[in-house]
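# Coordinates in review
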Amino acid sequence: MKLKWYGHSAFRLTDSRGINVIMDPYEPGCYDGGIGYDAIHEGAEIVTCSHSHPDHCYHQGISGNPLVITRPCAQVIRQIKIEGVGAWHDKSNGKERGPVVVFKVVMDDVRVCHLGDIAHLLQEKDLNYLKPIDVLMIPVGGHFTIDAEEAAEMVRLLQPKIIIPMHYKTPKCDFPIAPENAFTSKFPKVKHINTSEVDINRDNIPQEPEIWNLTYAG
């Protein structure tokens, strides 16, 4: 499986057959230029959107006439297993920012979980449903989502092997959120990867948890 980080919370997963799943694609320039990452020019067969905000659900910009999934689900599409559980974009059961969906994708025998813009710790039943997890994409910037402390606790609860920070302050994100170092500094094993794309398979998944800090694509 290949995993690519475009920036913010947008990722592409590609299986060994070349089937693409794009997760939480952003609209370039949305929120008065708050999202400054480059446009996503690659297509996909499947798009998942954790919620309807333009920095997470710009499926209109993805070519290939993809199937768009925006709700909790449990289904197999083109031999890719996709599950989603409901959560909240705030700590008041959605009264401030509404619901989000946490998606888990199983591709090439690798179990990937994308937490979207979750703003609270998951309940035990949802933790148990999602586990085991090999790769976790987790928001760490706070303000709109869980912050560094809560993200570290979420990692402890979900016990993934590869942790990829997302939704944090960068030169191309002008949101009032924190950079990733407050989160990454809490872990002994941090890999700073100078590329946006990595190969992940059963052979290179570490035994102990590691932070893989990717470089956004553009």
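Everything that follows concerns the structure shown earlier in this document.
### Considerations on the packing of aromatic side chains
For the structure shown, the criterion picks out eight aromatic pairs. When the ring of tryptophan 5 is compared with that of tyrosine 216, the centres are 6.1 Å apart and the planes differ by 80°; the resulting orientation is edge-to-face. Highlighted residues: tryptophan 5 in strand 1 (residues 2–7) and tyrosine 216 in the segment after strand 14 (210–213), separated in sequence by 211 residues. Look at tryptophan 5 and you get buried, because its relative accessible area is 1%. Each ring, one from tyrosine 37 and one from tyrosine 216, has its centre 5.1 Å from the other, and the planes form 75°; the classification is edge-to-face. One end of the pair, tyrosine 37, is in the loop between helix 1 (30–33) and strand 4 (46–48); the other, tyrosine 216, is in the segment after strand 14, and 179 residues separate them in sequence. An aromatic cluster of at least three residues, connected via ring pairs, comprises Trp5, Phe11, Tyr26, Tyr37, Tyr168 and Tyr216.

### Brief notes about the environment of glycine 141
Secondary-structure assignment places glycine 141 in the loop between strand 10 (135–139) and helix 3 (148–158). When its relative accessible area of 8% is taken as the criterion, glycine 141 is described as buried. Separated by 40 residues in sequence, glycine 141 and asparagine 181 have C-alpha atoms that sit 9.6 Å apart. Those residues in contact with glycine 141 that lie beyond four places of it in its chain are Ile146, Met166, His167, Tyr168, Ile177 and Ala178.

### Some words on the pattern of salt bridges
Between side chains of opposite charge, pairing is possible as soon as their charged atoms come close. This structure, assessed with the given rule, holds 15 salt bridges. Salt-bridge contacts for glutamate 197 lead to arginine 12; the nearest nitrogen and oxygen are separated by 3.2 Å. Of this pair, glutamate 197 sits in strand 13 (residues 197–199) while arginine 12 sits in strand 2 (residues 10–14), and the two are 185 residues apart along the sequence. Across the salt bridge formed by lysine 169 and aspartate 174, the nearest N and O atoms sit 3.6 Å from each other. The exposed category is assigned to aspartate 174, whose relative accessible area is 57%.

### Observations regarding the sheet that holds strand 4
Taken together, six strands build an open sheet; the order of strands is 5-4-3-2-1-13 and the sheet is mixed. Whereas interior strands pair on both sides, the edge strands pair on one side only; in this sheet they are strand 5 (67–69) and strand 13. Geometrically, the sheet is characterised by an average inter-axis angle of 20° between neighbouring strands, direction not taken into account.

### Focus: the sheet that holds strand 12 (residues 190–192)
Within a sheet, adjacent strands bond to each other through the backbone by hydrogen bonds, running parallel or antiparallel. On the basis of which strands lie adjacent, the open sheet formed by eight strands has the order 6-7-8-9-10-11-14-12 and mixed pairing. Every interior strand has two partners, whereas the edge strands, strand 6 (74–77) and strand 12, have only one. Sheet twist, expressed as the average angle between the axes of neighbouring strands with direction ignored, equals 25°. Pairing of strand 12 with strand 14, which is carried by three bridges, proceeds in the parallel orientation. When the sheet's bridge partners are listed, histidine 192 is paired in strand 14 with asparagine 213.

### Some thoughts on the side chain of serine 196
Relative to the helices and strands, serine 196 is located in the loop between strand 12 and strand 13. Of the residues examined, serine 196 reaches a relative accessible area of 13% and is grouped as buried. Among all residues touching serine 196, those that are not within four sequence positions of it are Leu3, Lys4, Trp5, Leu214, Thr215, Tyr216 and Ala217.

Conventions and cut-offs
Residues numbered from 1 in each chain as written. Predicted model: local features only at pLDDT ≥ 70, side-chain atom pairs only at ≥ 80, totals over all residues. Heavy atoms only, no water. Phe/Tyr/Trp six-rings, centres within 6.5 Å; stacked < 30°, edge-to-face > 60°. Helix = DSSP H or I, 4+ residues; strand = E, 2+ residues; numbered from the N terminus. Buried < 20%, exposed > 50% of the residue type's maximum accessible area, 1.4 Å probe, protein only. Contact = heavy atoms within 4.5 Å. Salt bridge = Lys/Arg side-chain N within 4 Å of Asp/Glu carboxyl O. Pairing = 2+ DSSP bridges. Axes fitted to C-alpha atoms, helices over the stretch in contact; angles between N-to-C directions.

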